[in-house]
Amino acid sequence: MTDSALSIRGLHKVYKSGRHALNGIDLEVPDREFFALLGPNGAGKSTAIGIITSLINKSSGQVQVYGHDLDDSPAMVKSLIGMVPQEFNFSQFETGLNIVLNQAGYYGVPRRQALRKAQQCLEILSLWERRHEQARYLSGGMKRRLMIARALVHEPRILVLDEPTAGVDVEFRRGTWEFLLDMNRNGLTVLLTTHYLEEAENLCKRLAIINDGKIIEDADLKTLIGKLRTQGFILDTRESVRQLPDLPGCRLYTIDDTTIGLELIGNQELNTIFAELSRHNVHITSMRNRTNRLEELFMDLLETHS
Ligand code: ADP
């Protein structure tokens, strides 16, 4: 028995276009962990998830799931993983129950057991009452829950979710978080990709940050938060800023055209910085604290590694 749920070594993916989506990533996800893979768009999250779940072929490297090698035992690896994709990928004309039952069949779960398990999964995701309706009649949130139910029906040990709450309302997001936390407390290993830092901060114990096909940070949340010692602000400017001045006592960086990140170093006065910025024709219209600590770290890391 191994304590490692997922072990990735030197994973590379070069697409036919020549794009190096993954440049040798290493990842270790312990059993029963709640792990988030975080990164901006195009960083390589979906590619990594696709390889782990056998949807994409890797170019090189090793993937092991509970000690089983993806190359040697692909069927075993598949059976240990439940996958919740980003897009709805079931037939909208099938009933929720059939969608879940068919998935069980695909994994070779005997019919009677599949029915029992499907009922359990649909019940915990509040879909049992609607089981005989075609999927197209379910709300967006329900369809997403249906994909989670489907991913759990063969009793995987790791649940992999690709951006599970992208574009859904707050209520659904919170509900999904609670559900996932509950499943995790009951022993399920959870691996999710997200670009919502709040999601990662609220859910995960450990996270890795991926950028441009490389892991640039991999640590438990507490360690990462502990790295934040500077005081950060976000400033909005009147006009778009082409070039930022170098000012003593702070670090300035561009977030977008009219948004600047500011990090105070030491005891520099904000008013002095504003006066200096204005002297350089950068006029600040509003300022807010960078309240999300993880966001601060994320910006820092991307900045350092870009
Ligand atoms: P993320 O999920 O973090 O947004 P992806 O894994 O989808 O990132 O993509 C990583 C990089 O690989 C991006 O530059 C993307 O454009 C490229 N990419 C993804 N899929 C393909 C593909 N099928 N063919 C060519 N390039 C791809």
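On a predicted model such as this, the values are computed, not experimentally measured, just so you know.

A. Expanded view of the site of the ligand. What surrounds the ligand is the set Tyr 15, Ser 17, Arg 19, Ala 21, Pro 40, Asn 41, Gly 42, Ala 43, Gly 44, Lys 45, Ser 46 and Thr 47. Separating an oxygen atom of the ligand from a backbone N or O atom of Ala 43 is a distance of 3.1 Å. Between an oxygen atom of the ligand and a main-chain N or O atom of Gly 44, the distance comes to 2.9 Å. Contact with the protein chains covers 63% of the free accessible surface of the ligand, which is 560 Å². Tallying contributions element by element places helix H1 (residues 45-52) first for the shell around the ligand, with three residues.

B. The arrangement of the pattern of salt bridges in detail. Tallying each qualifying case throughout the model produces 12 salt bridges. In this structure, Arg 185 and Asp 182 form a salt bridge, with 3.5 Å as the shortest nitrogen-oxygen distance. Here Asp 182 and Arg 185 lie together in helix H6 (residues 170-185), a separation of three residues that amounts to about one turn. The salt bridge partner of Arg 288 is Asp 236, with a shortest N-O separation of 2.8 Å. In this pair, Arg 288 is assigned in strand S14 (residues 284-289) and Asp 236 in strand S11 (residues 231-237), connecting sequence segments 52 residues apart.

C. Quick look at the environment of Pro 248. Along the chain, the position of Pro 248 falls in the loop between S11 and strand S12 (250-256). Taking the C-alpha atoms as reference points, Pro 248 and Ile 216, 32 residues apart in sequence, are found 28 Å from one another.

D. Inspection of the sheet that holds strand S2 (residues 20-30) at higher detail. The four strands are arranged S2-S1-S4-S5 in an open sheet whose pairing can be described as antiparallel. Both outer strands of the open sheet, S2 and strand S5 (68-69), are each paired with one neighbouring strand and no more. Looking at chain direction, strand S1 (residues 4-14) and strand S4 (residues 60-65) are connected through five bridges and run antiparallel. If you follow Ser 7 over to S4, its bridge partner there is Gln 64.

E. Examining the sheet that holds strand S7 (residues 158-162) more closely. The mixed open sheet is built from six strands, whose spatial order is S6-S7-S8-S3-S9-S10. Looking at which strands have only one partner, the edges of the open sheet turn out to be strand S6 (81-84) and strand S10 (214-220). This sheet shows a mean twist of 15 degrees between the axes of neighbouring strands, independent of strand direction. Along the sheet face, helix H5 (residues 140-152) touches S6 and S7 and points at about 165 degrees away from the line of S6.

F. Region of the structure containing the nonpolar core. Leu 146, Leu 159 and Leu 207 are the most contacted members of the largest nonpolar core, which has 51 residues in total. Ranked by residue count, the leading element in this core is H5, at seven residues. Built from parts of two domains, this core gets at least three residues from each of domain 1 (4-225) and domain 2 (230-304). In contact with Leu 159, other than residues within four places in its own chain, are Gly 82, Val 84, Ile 148, Ala 151, Leu 152, Leu 180, Leu 188, Thr 189, Val 190 and Leu 191. Counting 28 residues, the second-largest nonpolar core is a separate cluster that includes Leu 11, Ile 49, Val 63 and Val 77.

Cut-offs and rules
- Residues numbered from 1 in each chain as written.
- Predicted model: local features only at pLDDT ≥ 70, side-chain atom pairs only at ≥ 80, totals over all residues.
- Heavy atoms only, no water.
- Near = heavy atom within 4 Å.
- Polar contact = N/O pair within 3.5 Å; in protein donor to acceptor, adjacent residues only side chain to side chain.
- Areas by Shrake-Rupley, 256 points an atom, 1.4 Å probe, with all protein chains shown as cover.
- Helix = DSSP H or I, 4+ residues; strand = E, 2+ residues; numbered from the N terminus.
- Salt bridge = Lys/Arg side-chain N within 4 Å of Asp/Glu carboxyl O.
- Pairing = 2+ DSSP bridges.
- Axes fitted to C-alpha atoms, helices over the stretch in contact; angles between N-to-C directions.
- Contact = heavy atoms within 4.5 Å.
- Core = buried A, V, L, I, M, F, W, Y, C linked by side-chain atoms within 4.5 Å.
- Buried < 20%, exposed > 50% of the residue type's maximum accessible area, 1.4 Å probe, protein only.
- Domains from an automatic or database assignment.

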